[in-house]
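# Coordinate inspection notes
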Amino acid sequence: MGSTGGSSTTGGTKNVRVVVVGDSGTGKSSLIVSVATDSFPEKAPPVVPPTRIPQDYYPDRVPLTIIDTSSRLEDRTKLAAECKKADAIVLTYACDQHSTLDRLSTYWLPELRRLEVKVPVIVVGCKLDLRDDQQLSLEQVMTPIMHEFREIETCIECSALKQIQVAEVFYYAQKAVLHPTAPLFDQETQALKPRCVRALKRIFILCDHDRDGALSDAELNDFQVKCFNAPLQPSEIVGVKKVVSEKLPEGVNEHGLTLTGFLFLHALFIEKGRLETTWTVLRKFGYDDEIKLRDDLLSTAQFKRAPDQSIELTNEAVEFLKGVFSLFDIDGDGALRPPELEDLFSTAPASPWEEGSYKDAMEKNDLGAVTLNGFLSQWALMTLLDPIKSLASLIYIGYPADPVAAFHVTRRRRLDRKKQRSQRNIFQCFVFGPANSGKSALLNALIGKKFIDKYTPTKGDRYAANIIETMGGTKKTLVMREIPADGVPKLLANKESLAPCDVALFVYDSSDESSWRKTAELLVEVATHGENSGFEVPCLMVAAKDDLDAHPVPISDSARVSQDMGVEAPITVSMKLGDICNLFRRIIDAAQRPHLSIPETEAGRSHKQYRRLVNRSLTVLSVGAAVAVVGIAAYRIYAVRSRSATSG
């Protein structure tokens with residue numbers, strides 16, 4: 001199994017730029033002239049002009065540009081600039097000058113690090129023909145240096161005079177760029193890197209058509225044809241399995257090559273320097289140089305939308321996810337334990353839910369396992385916030401149909417308001433309120449977390465999502481986004497910030513007058529922003545901590561504010577007592593009827609009255625204009641008829 005000759009996939013690289021650096025007199029210029037002309041120059045210039053090696057020179061058929069440099073002190077700025085533009089560095093020393101070898105680790109390699117040059121380095125011992133036979137071998141000399149400087153891809157000795165391994169120097173440099181070792185293999189542990197293992201596991205599963213956990217001879221042959229455009233002969237298949245079974249008995253079973261054997265083969269290719277084989281396989285299955293799906297496979301065209309539209313998964317995609325959940329729920333307890341969830345995403349570069357908004361946002365049972373509702377609502381949250389990530393994750397876990405068709409764009413909220421009904425399945429609720437008002441407790445209640453009677457301030461936005469059964473019996477996903485008090489100015493600085501919001505919730509501590517006043521101010525601020533931006537949202541008020549003695553001011557003031565602004569009276573809840581007063585259903589109900597519960601500020605009311613007055617004036621004006629036009633038309637008809645009668 002592996003490459004059968006011809007060009008290999010190179011990830012779309014159009015040109016490789018190699019910069020040659022090293023001490024003066026180490027043979028840089030002679031090396032470059034020698035590879036370009038296949039001859040040794042009698043007198044090489046101090047610095048050779050940029051040299052282009054044509055694409056048919058090396059098997060990967062990618063042209064190479066070689067840049068020579070001067071090590072003189074006055075040319076250091078230029079050298080630094082060239083190094084920063086390099087795809088790879090060839091670092092030279094002279095085999096007959098030990099001091100130039102010492103300078104690799106005392107000056108050149110530290111200097112490249114200081115310049116933050118993060119590209120492969122090929123260390124080249126030039127003037128091999130002048131090497132003393134008593135000197136230490138290349139391996140003995142370079143092993144300690146390579147251990148300290150992991151950026152060194154490989155080391156090689158050459159002679160421009162004798163034309164020994166000159167072409168190989170730049171072949172290794174180009175190969176280090178087109179087929180890099182670092183993403184695939186850990187030199188220290190001598191093992192495939194986790195991300196590489198995960199990608200190869202996905203490829204193995206995609207090629208295991210009968211899902212028996214092994215690649216049969218026919219499946220191996222299909223794999224070979226897909227990746228290398230050439231079939232395997234029966235004797236070659238026997239040979240591959242023999243190599244694996246001798247070194248790793250569990251790598252082959254009665255059905256064929258196992259995943260363990262498949263991974264072993266790739267580790268073997270890499271150890272033998274055949275990185276292009278593994279890279280060709282990865283690139284044929286859509287991976288880029290970072291071993292994630294290429295951007296062109298993650299089409300964004302279908303995700304174009306207005307600010308008040310959102311992305312949801314289709315019913316077919318949700319049914320697929322339910323099937324995946326059941327498949328990985330090995331113990332059948334209706335929840336995914338951390339190892340089961342890890343196994344589910346083991347064919348993705350990493351779990352998509354380990355960071356940021358997704359951490360601690362889904363429902364788990366008492367043992368810390370993710371419930372089916374938690375699993376599905378987490379997918380809904382990811383699709384809402386980052387549809388591209390959701391698309392990639394579906395592909396990684398093996399969505400069988402066209403993944404682009406797994407998504408649909410919702411109707412605009414403005415149209416929903418006009419139609420007085422929302423057709424969405426996922427609703428996003430922004431949760432506003434001052435510090436210590438009880439916002440986090442609401443989010444915790446949504447995902448079934450127990451109440452903790454200890455205040456911990458939330459840093460940054462936090463999300464929680466779960467599936468809620470509505471009063472009509474249908475199921476909708478509710479996403480709650482907690483907006484910290486100090487994050488409100490930044491949020492409202494953006495004109496479109498309320499566009500993704502289906503409902504705004506305003507939470508206050510019912511025992512604290514100051515908490516109520518701050519919440520009332522927030523309500524006016526958000527309502528004003530909605531009126532000015534055109535993205536008005538239904539608003540609900542929540543009087544939290546009902547287990548404490550209520551302060552009289554919020555009670556009287558909230559009734560007045562409700563009446564003045566045209567919103568419902570506050571919903572009283574106590575997370576401590578577990579009394580949530582059907583809050584989540586009421587949020588969904590408000591979101592489904594987007595034309596109701598929209599607060600109206602005094603300024604907004606005045607503006608509406610002014611608009612009505614203007615519209616009425618325009619209507620009167622247009623009626624008057626219409627009468628005048630009809631009058632003129634009637635007169636013209638009368639005049640024509642009169643003239644006709646006279647002439648008759």
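Residues numbered from 1 in each chain as written. Predicted model: local features only at pLDDT ≥ 70, side-chain atom pairs only at ≥ 80, totals over all residues. Heavy atoms only, no water.

Selection rule: UniProt positions are given in the numbering used here, feature names are shortened, and annotations may be inferred rather than shown by experiment.
The name that an unreviewed UniProt entry assigns to the protein chain is Mitochondrial Rho GTPase, with the source organism given as Araucaria cunninghamii. Annotation of the protein chain in UniProt includes, under Sequence similarities (unreviewed entry), the sentence "Belongs to the mitochondrial Rho GTPase family."

### Concerning the nonpolar core
Selection rule: Only buried residues count toward a nonpolar core, which is a set of Ala, Val, Leu, Ile, Met, Phe, Trp, Tyr and Cys residues joined through side-chain atoms within 4.5 Å. When a residue's accessible area, from a 1.4 Å probe over protein chains only, is under 20% of the maximum for its type it is buried; when over 50% it is exposed; and in between it is partly exposed. Helix numbering and strand numbering both begin at the N terminus, where a helix is a DSSP run of H or I of at least 4 residues and a strand a DSSP run of E of at least 2. Contact definition: two residues touch when any of their heavy atoms are within 4.5 Å.
Of all hydrophobic cores here, the largest spans 74 residues; its most connected members are I203, F375 and W379. Top element by residues in this core is helix 13 (residues 372-385). It accounts for 7 residues. Leaving out residues up to four positions away in the same chain, F375 has contacts with L321, F325, L336, L341, L344, W353 and V370. One finds L91, L101, Y107 and V119 within the second-largest nonpolar core, a separate group that totals 28 residues.

### So, empty space enclosed by the protein
Put simply, the test is: Grid points spaced at 1 Å and placed over the protein atoms alone form the basis of the search, with a cavity being a set where a 1.4 Å probe fits but cannot get out and a pocket an open set showing protein on both sides within 12 Å along at least five of seven lines. Lining residues have an atom within 4 Å of a point. Grid points are joined across faces, edges and corners, and a volume is the space filled by probe spheres set on the points. Charged means Asp, Glu, Lys or Arg here, nonpolar means Ala, Val, Leu, Ile, Met, Phe, Trp, Tyr, Cys or Pro, and polar covers whatever is left, Gly included.
Per the counting criterion, the structure on display carries 2 cavities of 30 Å³ or more. Approximately 130 Å³ is the volume found for the largest cavity. In terms of lining, the largest cavity is formed by 17 residues, of which the most central are R413, R417, C501, D502 and E536. Among the elements that take part in the lining of the largest cavity, helix 15 (residues 413-419) stands out by supplying 4 residues, more than any other. In this structure, the second largest cavity spans a volume of roughly 40 Å³. Element by element, the count of residues in the lining of the second largest cavity is highest for helix 18 (residues 513-533), at 4 residues. By residue class, the composition of the lining of the second largest cavity is 6 nonpolar, 1 polar and 2 charged.

### Some details on the side chain of T477
With respect to the helices and strands, the residue T477 is situated in strand 18 (residues 475-482). Look at T477 and you get buried, because its relative accessible area is 9%. When neighbours within four sequence positions are excluded, T477 is seen to be in contact with S377, A380, N425, I426, F427, N466, I467 and I588.

### Quick look at helix 6 (residues 194-207)
The criterion, for reference: Helix span, expected: 1.5 Å multiplied by one less than the number of residues in the helix.
Under the 1.5 Å per step criterion, the end-to-end length of helix 6 is 20 Å for 14 residues, consistent within 8% with the ideal 20 Å. Within helix 6 the residues assigned to the buried category are C196, R198, A199, L200, K201, R202, I203, F204 and C207.

### A closer look at the sheet that holds strand 11 (residues 256-258)
Applicable threshold: Strands are treated as partners if at least two bridges between them are detected by DSSP. Note on geometry: axes are C-alpha line fits, over the in-contact stretch for helices, and angles between N-to-C directions span 0 to 180 degrees.
Judged by pairing direction, the sheet is antiparallel, and its 3 strands sit side by side in the order 9-11-10 without closing on themselves. The outermost strands of the open sheet, each flanked by one partner alone, are strand 9 (214-215) and strand 10 (252-253). Of the pairings in the sheet, the one linking strand 9 to strand 11 comprises 2 bridges and is antiparallel in character. The partner of L215 across the bridge, within strand 11, is L257. Its contacts with the sheet put helix 9 (residues 259-271) on strand 9 and strand 11, and the angle it makes with strand 11 is roughly 75 degrees.

### What to know about the packing of helix 9 against helix 10 (residues 275-284)
The criterion, for reference: Any angle that falls under 35 degrees is termed roughly parallel, while one over 145 is termed roughly antiparallel, one within 65 to 115 roughly perpendicular, and all others oblique.
Running from N to C, helix 9 and helix 10 cross one another at 135 degrees; their axes reach a closest spacing of 7 Å. The orientation of helix 9 relative to helix 10 falls into the category oblique. Between helix 9 and helix 10, the residues in contact are H266, F269 and I270 and L275, T277, T278 and V281, respectively.

### Some words on the pattern of salt bridges
Our working rule: By definition here, a salt bridge exists when the distance from a side-chain nitrogen of Lys or Arg to a carboxyl oxygen of Asp or Glu is within 4 Å.
Here the structure, examined in full by the defined rule, presents 32 salt bridges. With its nearest N and O atoms 2.8 Å apart, the salt bridge here joins E151 to R113. Linking E151 in the loop between helix 4 (138-148) and strand 6 (152-157) with R113 in helix 3 (residues 98-114), this pair joins segments that are 38 residues apart in sequence. Assessed through its relative accessible area of 23%, E151 is described here as partly exposed. R113 gets classed as partly exposed once you look at its relative accessible area, which sits at 42%. A salt bridge links R481 to D461; the nearest nitrogen and oxygen atoms lie 2.5 Å apart. Separated by 20 residues along the polypeptide, R481 in strand 18 and D461 in the loop between helix 16 (439-446) and strand 17 (462-469) bring together distant segments of the chain. On the basis of relative accessibility, which here comes to 15%, the residue R481 falls in the buried class.

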